[in-house]
Amino acid sequence: MREDGRVLDGLDDIDWVRLGHAYGSAGDVPGLLRALRSPDEEERQAAFGALYANIFHQGSRYEASAYAVPFLLELLADPATLDRELVLYLVTALAVGYDERWLPEGVPVAEFRRAADGGRELLAAKPPPWHGDDETQKEYVEWAYVESLDEADQQRLWAHIELAVYDAVRAGVPLLRDLLTDADPGLRAGAAYALAWFPEDAAGSLPALVAAAGAALEVDEDEAATALVAAGLLGAAPDAGLLTDARPVIRWAAAVGRARVLGADADQATVDELLGWTAAGPGNRLTADGAEVPFLDGDLNGYAGLSLRLLGPRHTDRAFDALLDRLPAVTGEQALPVTSEALRLAFPDGSLPTGVPCAALAPRQRRLVELLARSPEVWLFGDSTFVNFSLLVGDYGLPRSREAMLAYLEGVPT
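Residues numbered from 1 in each chain as written. Predicted model: local features only at pLDDT ≥ 70, side-chain atom pairs only at ≥ 80, totals over all residues. Heavy atoms only, no water.

Asker: What's the story with the nonpolar core in this structure? I'm lost.
Answerer: Most often, soluble globular proteins have nonpolar side chains that are buried together. Membership of the largest hydrophobic core comes to 134 residues, with the highest contact counts inside it found for Leu33, Trp197, Trp252, Phe295 and Leu368. Examining the composition of this core, we find that 9 residues originate from one element, helix α3 (residues 63-77), more than from any other. The contact partners of leucine 33, leaving out residues within four places of it in the chain, are Leu8, Leu11, Trp16, Leu51, Ala68, Phe71, Leu72 and Leu75. Leu123, Tyr145, Val146 and Leu157 belong to the second largest nonpolar core, which has 7 residues in total. (Core = buried A, V, L, I, M, F, W, Y, C linked by side-chain atoms within 4.5 Å. Buried < 20%, exposed > 50% of the residue type's maximum accessible area, 1.4 Å probe, protein only. Helix = DSSP H or I, 4+ residues; strand = E, 2+ residues; numbered from the N terminus. Contact = heavy atoms within 4.5 Å.)

Asker: Any chance you could explain the packing of α3 against helix α8 (residues 151-170) here in plain terms?
Answerer: When two helices pack together, their arrangement is given by the angle between the helix axes and the distance between those axes. Across the interface, α3 lies against α8 with an axial gap of 8 Å and an inter-helix angle of 5 degrees. With respect to each other, α3 and α8 are oriented roughly parallel. Side by side, α3 and α8 meet where Glu63, Ser65, Ala66, Val69 and Leu73 of the first sit next to Ile161, Ala164, Val165, Ala168 and Val169 of the second. When the residues that make up the contact of α3 with α8 are grouped by side-chain class, the tally is 8 nonpolar, 1 polar and 1 charged. (Axes fitted to C-alpha atoms, helices over the stretch in contact; angles between N-to-C directions. Parallel < 35°, antiparallel > 145°, perpendicular 65-115°, else oblique. Nonpolar A, V, L, I, M, F, W, Y, C, P; charged D, E, K, R; others polar.)

Asker: Looking at this structure, I do not really get the environment of alanine 335. What am I missing?
Answerer: Relative to the elements of secondary structure, alanine 335 occurs in helix α17 (residues 335-346). With 235 residues separating them in the primary sequence, alanine 335 and glutamate 100 have C-alpha atoms 13 Å apart. Among residues more than four places away in sequence, those in contact with alanine 335 are Val330, Val378 and Phe389.

Asker: Looking at this structure, I do not really get the pattern of salt bridges. What am I missing?
Answerer: Side chains that differ in charge, positive against negative, can pair when their charged atoms come close. Using the criterion set out here, one finds 25 salt bridges in the structure. Among the ionic pairs, lysine 138 bridges to glutamate 135, the shortest N-O distance being 3.9 Å. Given a relative accessible area of 17%, lysine 138 falls into the buried group. Residues glutamate 200 and arginine 170 are paired through a salt bridge, measuring 3.3 Å at the closest nitrogen-oxygen approach. With glutamate 200 in the loop between α10 (185-195) and α11 (202-216) and arginine 170 in helix α8, the pair connects residues that are 30 residues apart, well separated along the chain. (Salt bridge = Lys/Arg side-chain N within 4 Å of Asp/Glu carboxyl O.)

Put into structure tokens, the structure is as follows:
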């Protein structure tokens, strides 16, 4: 919040019409930001949904996104703002997108910044978006400009835009640390989750996160687990004693955090805890039912599976076995981390060359293909084929449907 106490002051000083978001001109953004302060819940919810769709569209960020962040931070800082937890959620999403992109290692900031080099100039050359009331006359001038760039320059442009948003949120790190002691437990947990993605500020954030985890251990296990994992992502390994805690979610958080920091030097108790969570299925139901930990959208078992890669080659065989134990029990989005890790271990050289018969597969590859072919649920999202799953499997040169996978397994040409 500004020193004079005025929230959203200066909002109209920005030429929003010349900025772009997912649907063209960002001229609607100021009104949506103001609506987040409305006393009417429906109006606030509608504004949040619209912002989530236009400045964070399916995980993408835009030129207008970075300009919106300082005002979102002002709203977050003001105790009079209703739905502050939703505002914090949006701010964090704007900073990092979907977090599976960064797990289990965390944000590689130096690489992130290198990828954006040269993007500032490309953004400066972008024409302003079309704006008007007659949608039938709409011209997609921004997209025409982007499409005119070669692939490398497109990547630089989008990386710069993402980095600008990330840095705008990073300016709010002191506020996020303050929220770790807020009276609202949702804000405390959300702030811990948000701080996990800013390793350049780890020196100041770690003491606050460690203190938050300690304070929460006796009152809110989900909040404590979130802070423990966040601290691990920033480089502080949770205490080994937490691996014997009676609460599954605390043991999980300790193992995930320790794997992130210790890597191949992780102790056997950490390894065993991760393997147990990864293998959880019909014969091994290690879960934390009802746990609300935000990482990987609450998929604790999937996050444990991703963390196995940090342990090094010494545990590869057990990791692969655990992933295959888990695979028949997952469906929808939870199938993605399990299968991606299993594919990575089975196909270390990447995609199969075209025409390789199933009979020529290595033993580990054959085991995975057999399990995929005989696990119908893993291919589904609800009652429909999960396109993202089919694409993931196809990226390794394997058939993109269960039916085709069965035929491939049986040696039938597809």
